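# Structural characterization, general
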Amino acid sequence: MHENTPLEKVKVLYVEDDDNARDALASMLKRRVGRLFTARDGAEGLSLFQTYQPEIIIADLFMPNMGGVEMIRQIKAAGHKPFVIITTAVSESKVILDAVDVGIDKYIVKPLDLPALMDELALMAGEVEQRCSADHALPPTVLSHKKEFESSIKKEFSSFLKAATGKGPLDVKVLISDNCLELTAVGVLTPYEKTLLDNFQNIAIIKQNRQLFFSIKGEEIRRLIADCLNMDVEVSEIAIDVKQDIHKLIFHWKG
């Protein structure tokens, strides 16, 4: 039976403004990593990072709207600690020092040495797995009362959604596993949002609004879960399927 390698389990964000370069590397990465997210500039990359919390970032240094260094600076300032690989055609020492100063892990000059890049990604993925084993392991106290905790979180989260949006979900599913907690709400959209769905063009707007809602309320939801479990958690992914009216949040243990 095939067991996934560490690289096949991680989420990677690749930010590159050159369409041809981005498409070429993305095509290869999609076959080798767990999930791949791509962006055309730092601003788009920052938005994707806030939603999906990838463990590894590959980013070009110079891009329109927001460059790689500024994107990483904002991510690090928010307390996140992804592994970072910066790519650029520039090899000036000052540029490298500026990038190192914001907390990058690797600097690769273009054209990229793909075997070297994949080796570096594999090493980082291995360290991500070790971090998860050490920091995100399910405490025995939660494991021994798993069903009770899932039931409590389901009740509290359903009440939270009704109070925050005026409409309770049709169903909430809570799944506690060894290294994460999956919270899935079904039938969350309000009557007004359902009316907007009659126009296909509104789907992206509703999805963006829902992602913004969960981002704004993320800390409140995190505390709700932490209080139920009597332990700290952190959100690692927000996934919205507007058409199916399914909203999933994934949390990892912080110890």
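Our subject is the structure listed above.
These remarks concern the structure in this document. (Residues numbered from 1 in each chain as written. Predicted model: local features only at pLDDT ≥ 70, side-chain atom pairs only at ≥ 80, totals over all residues. Heavy atoms only, no water.)

### What about the pairing of strand 6 (residues 171-176)?
Along strand 6, the buried face is formed by Val172, Val174 and Ile176; none of Asp171, Lys173 and Leu175, which line the opposite face, is buried. For strand 6 and strand 7 (residues 180-186), the ladder comprises six bridges, and the chain directions are antiparallel. Within strand 7, the residue paired with Lys173 across the bridge is Thr184. Between strand 6 and strand 7, which follow one another and run antiparallel, lie three residues. (Buried < 20%, exposed > 50% of the residue type's maximum accessible area, 1.4 Å probe, protein only. Helix = DSSP H or I, 4+ residues; strand = E, 2+ residues; numbered from the N terminus. Pairing = 2+ DSSP bridges.)

### Some details on the environment of Val10
Residue position: Val10 is located in the segment before strand 1 (11-15). Assessed through its relative accessible area of 2%, Val10 is described here as buried.

### Quick word on the sheet that holds strand 5 (residues 106-109)
An order of 2-1-3-4-5 is seen for the five strands of this open sheet, with the pairing classed as parallel. Since the sheet does not close on itself, it has two edges, and those belong to strand 2 (35-39) and strand 5, each with one partner. Adjacent strand axes in the sheet meet at a mean angle of 15 degrees, parallel and antiparallel pairs treated alike. Of the pairings in the sheet, the one linking strand 4 (residues 83-88) to strand 5 comprises four bridges and is parallel in character. Residue pairing for strand 5: Ile85 is matched across the bridge by Lys106. Set on the sheet, helix 1 (residues 19-29) makes contact with strand 1, strand 2 and strand 3 (56-60); between it and strand 2 the angle comes to about 175 degrees. Docked against the sheet, helix 3 (residues 68-77) engages strand 1, strand 3 and strand 4, running at close to 150 degrees with respect to strand 3. (Axes fitted to C-alpha atoms, helices over the stretch in contact; angles between N-to-C directions. Contact = heavy atoms within 4.5 Å.)

### Quick word on the sheet that holds strand 9 (residues 246-253)
Taking strand neighbours across the sheet as the criterion, the four strands line up as 6-7-9-8 in an open arrangement whose pairing is antiparallel. What marks the edges here is a single partner per strand, and that holds for strand 6 and strand 8 (233-241). The sheet shows a mean angle of 15 degrees between the axes of neighbouring strands, taken without regard to direction. Pairing geometry for strand 7 and strand 9, over seven bridges, is antiparallel. Bridging from a neighbouring strand, Ala185 pairs with His247 of strand 9. Packing of helix 7 (residues 146-165) onto the sheet brings it into contact with strand 6 and strand 7, and relative to strand 6 it is tilted by some 145 degrees.

### Quick look at the packing of aromatic side chains
Counting across every chain of the model gives three aromatic pairs. Ring geometry for Phe157 versus Phe160: centroids 6.2 Å apart, planes at 20 degrees, classification stacked. With a gap of three residues between them, Phe157 and Phe160 both fall in helix 7, about one helical turn apart. The buried category is assigned to Phe160, whose relative accessible area is 9%. Here the aromatic rings of Phe213 and Phe214 are separated by 5.1 Å at their centres, their planes lie at 70 degrees, and the arrangement is edge-to-face. Considered together, Phe213 and Phe214 belong to a single accessibility category, that of buried residues. A cation over an aromatic ring shows up here: Arg210 above the ring of Phe213, its NZ or CZ 5.7 Å from the ring centre. (Phe/Tyr/Trp six-rings, centres within 6.5 Å; stacked < 30°, edge-to-face > 60°. Lys NZ or Arg CZ within 6 Å of the ring centre and 35° of its normal.)

The values reported here are purely geometric and, on their own, carry no functional implication.
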